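# Observations on the three-dimensional arrangement
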Amino acid sequence: MTNCEKWIAFETIVRREIHRFLRIWPQTLLPPVITIVLYFVIFGTLIGSRIGEMSGLPYIQFVAPGLIMMSVITNSYSNVVSSFFGSKFQRNIEELLVSPTPNWIILLGFVVGGMCRGLGVGLVVTVLSLYFADFSIHSLPVTVGIVLMTSLMFSLAGLINAVFARNFDDISIIPTFVLTPLTYLGGVFYSIDLLGDFWSKVSMINPVLYMVNAFRYGIAGISDIPVYWAFGMVGMFSVVLFFVALNLLEKGSRLRS
Amino acid sequence: MEPALAISQLNKTYEGDFQALKGISLEVQPGDFFALLGPNGAGKSTTIGIICSLVLKTSGKVSIFGCDIDRDFSQAKQHVGVVPQEFNFNQFEKPVDILINQAGYFGIPRDIAAERAEKYLRQLGLWDKSHVPSRTLSGGMKRRLMIARALIHEPKLLVLDEPTAGVDIELRRSMWEFLREINAQGTTIILTTHYLEEAESLCRNVAIIDHGEIIQNTSIRALLQQLNKELFVLDIREQLSECPSIQGYPITLVDDHTLEVEVEKSQSINELFDALSSAGIHVLSMRNKTNRLEELFFDLVEKNLSGAKND
């Protein structure tokens, strides 16, 4: 395949992925927006007004970056895991496997598709959050950089989950038992300064903590951890996940007999 | 000229040590219409799966128009279009989108892909369904959609795994016509089928595979010449109350206007007609009772099975 043909193949996969989540928008775009609005109403406005400040910020301004990041994480992940597993389940992944499209293009196509949904939902949630909270951007490069890298990392993780999944239960195990706890314990709703020394150290092995804090730094200028750690951590995870996912596709694990 | 398909010492062992292919070798020449026949579980679909890289081979070599599927992965795939046995497209997408996307995976620009999609959907009688969700298509339409999808990148080798399974006779005939047409235009076709009259009608050469081994690889004509005897059904003008007896030709009276006669390859049908005429019996029409290739197929597979048991 020439580079031009590879670009066409990549563009086709991304276009198909975007078309897929737009076509089923009541399942893909609407629920996360409603969920996040409920979070803003309950944790931000109703309960948040009684909490007062967290790390020197009004509580609603403290949780807003975490909620935006949470929507980016869950949507990036769930788009790739459901689309790729759906393709495996219906066997239309074979359309790609019989084509000359290199595996790294297939991987990038699905990942960029997932990022489009994650970032799209993140953007909608950001716009909605302006209705509840008044905030400005402290550092645009940090904000954009960390949100892109986080979306990339969770899209890659979603693809790996989809490759291993044998049934629909398998694609909900990781989001339910790993992703949700990591997100809730990743400093979305509280500062790790509130935790004791031990739990504060335990929290440091949670990658979501780094992402949420870096994003909060980008928006509000405060963070529980150094921002460069966050970029290093997310970058390292993304590289590892990329090569794991590529290796799975190259070996044809659970895709080719 | 490079063969359209060259398979050498191809082995496939699945998990659990099931050996699906036992070192098969096979060549298909460019422009051929080739039948790959065999009973269920013989290894046909595994062979096709390896050709189109959905199945990973254990050992052996496969090349398509001289391109090795391991070394010239990309080029080899450009040459092949595959129509699998089961529906494997996104049932929620529209036929036109399925075709345009498939073209995209082969690096074909969108405008050219759209033109080709229209051309093949029209040729296969699906254009009026091009913008409906593909899950609403009938079984026959879905099969034709998969043929259109396999042709969208205009491959030199088209592999069809039981393309007419479950398709009604009229549609099957129209698909045969279409396949003959694209074969005449130069596309090499490999077909697996359980309808042996389909193979006899369409294909020039045949390989019969059983228990992972090629047990016959020859032309259809040469294969049919192996038939020792055929059973003919004769429609008779006269009403017969008892079965006539003609020396050398075993005859059965089916009903009072129908006879079945066994004719060996060395015998003459003219002699049979002369003898019937002398007995005052006039033949109105005649046909083969069974499909000739089917007879041979069963014969070969039976022999292979008893050979395997004796081993």
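Worth saying up front: this structure is predicted, and the values here are computed from it rather than measured.

Definitions and limits used
- Residues numbered from 1 in each chain as written.
- Chains lettered and ligands numbered in written order.
- Predicted model: local features only at pLDDT ≥ 70, side-chain atom pairs only at ≥ 80, totals over all residues.
- Helix = DSSP H or I, 4+ residues; strand = E, 2+ residues; numbered from the N terminus.
- Buried ≥ 20, exposed ≤ 12 C-beta atoms within 10 Å, placed from the backbone.
- Contact = placed C-beta atoms within 7 Å.
- Expected span 1.5 Å × (residues − 1).
- Nonpolar A, V, L, I, M, F, W, Y, C, P; charged D, E, K, R; others polar.
- Domains from an automatic or database assignment.
- Pairing = 2+ DSSP bridges.
- Arc of directions from axis to C-beta.
- Axes fitted to C-alpha atoms, helices over the stretch in contact; angles between N-to-C directions.
- Parallel < 35°, antiparallel > 145°, perpendicular 65-115°, else oblique.
- Left-handed = near helix turned anticlockwise from the far one by under 90°.

## Re the overall build of chain B
When you go through chain B residue by residue, the secondary structure sums to 10 helices and 14 strands. Projected onto the principal axes, the alpha-carbon positions of chain B cover approximately 75 × 50 × 40 Å. Considering chain B as a whole, with its 311 residues, one finds that 41% of them fall into the buried category. Taking the contacts inside chain B whose residues are at least 6 apart along the sequence as the reference set, 67% of them involve residues at least 24 apart.

## Structural notes on helix H5 (residues 59-89) of chain A
Taking 1.5 Å of rise per residue, 31 residues should cover 45 Å, and H5 of chain A covers 43 Å from first to last C-alpha, within 8% of that figure. Of the residues flanking the end of H5 of chain A, it is arginine 91 of chain A, one or two places downstream, whose phi is positive at about 70 degrees.

## Things to note about the interface of chain A and chain B
Each partner contributes to the interface: chain A provides 21 residues, whereas chain B provides 25 residues. Every element with two or more residues in the side of chain A that touches chain B is listed here: helix H1 (3-23) and helix H6 (93-97) of chain A. Broken down by element, the side of chain A that touches chain B gets its largest block of residues, six residues, from H1 of chain A. Considering only residue class, the side of chain A that touches chain B consists of seven nonpolar, seven polar and seven charged.

## Some words on the domain arrangement of chain B
Looking at chain B, the domain boundaries give domain 1 (5-224) and domain 2 (229-292). For domain 1 of chain B versus domain 2 of chain B, the distance between C-alpha centres works out to 42 Å.

## Topic: the pairing of strand S11 (residues 229-236) of chain B
Residues and elements named next belong to chain B. In this sheet, strand S13 (residues 258-264) lies alongside S11 in antiparallel orientation, the contact comprising seven bridges. In the sheet register, valine 233 faces S13, and the bridge partner there is glutamate 260. Here S11 pairs with strand S14 (residues 283-288) via five bridges, running antiparallel. Looking at S14, one finds that aspartate 235 is bridged to serine 285.

## What to know about helix H4 (residues 110-123) of chain B
Residues and elements named next belong to chain B. Taking 1.5 Å as the rise per residue, H4 with 14 residues should run 20 Å; its terminal C-alpha atoms sit 20 Å apart, in good agreement. Three or more residues of H4 are buried, namely Ala113, Ala117, Tyr120 and Leu121. One side of H4 carries all its buried residues, which in axial view fall inside an arc of 100 degrees. H4 presents Asp111, Ile112 and Glu115 as exposed residues on the side facing more than 90 degrees away from its buried surface. In the core, the buried residues of H4 are packed alongside helix H3 (95-105) and helix H5 (139-151). Just downstream of H4, glycine 125 is the residue with a positive phi angle, here 70 degrees.

## Examining the packing of helix H7 (residues 103-132) of chain A against helix H8 (residues 140-164) of chain A
Residue and element names in this part refer to chain A. Running from N to C, H7 and H8 cross one another at 130 degrees; their axes reach a closest spacing of 8 Å. By the angle between their axes, H7 is oblique relative to H8. With respect to the hand of their crossing, H7 and H8 are arranged in right-handed fashion. Counted together, Leu107, Phe110, Val111, Gly114, Met115, Gly118, Leu119 and Gly122 of H7 and Val147, Ser151, Leu152, Phe154, Ser155, Leu156, Gly158 and Leu159 of H8 form the full contact between these two elements. Of the residues assigned to the contact of H7 with H8, the class counts are 10 nonpolar, six polar and no charged.

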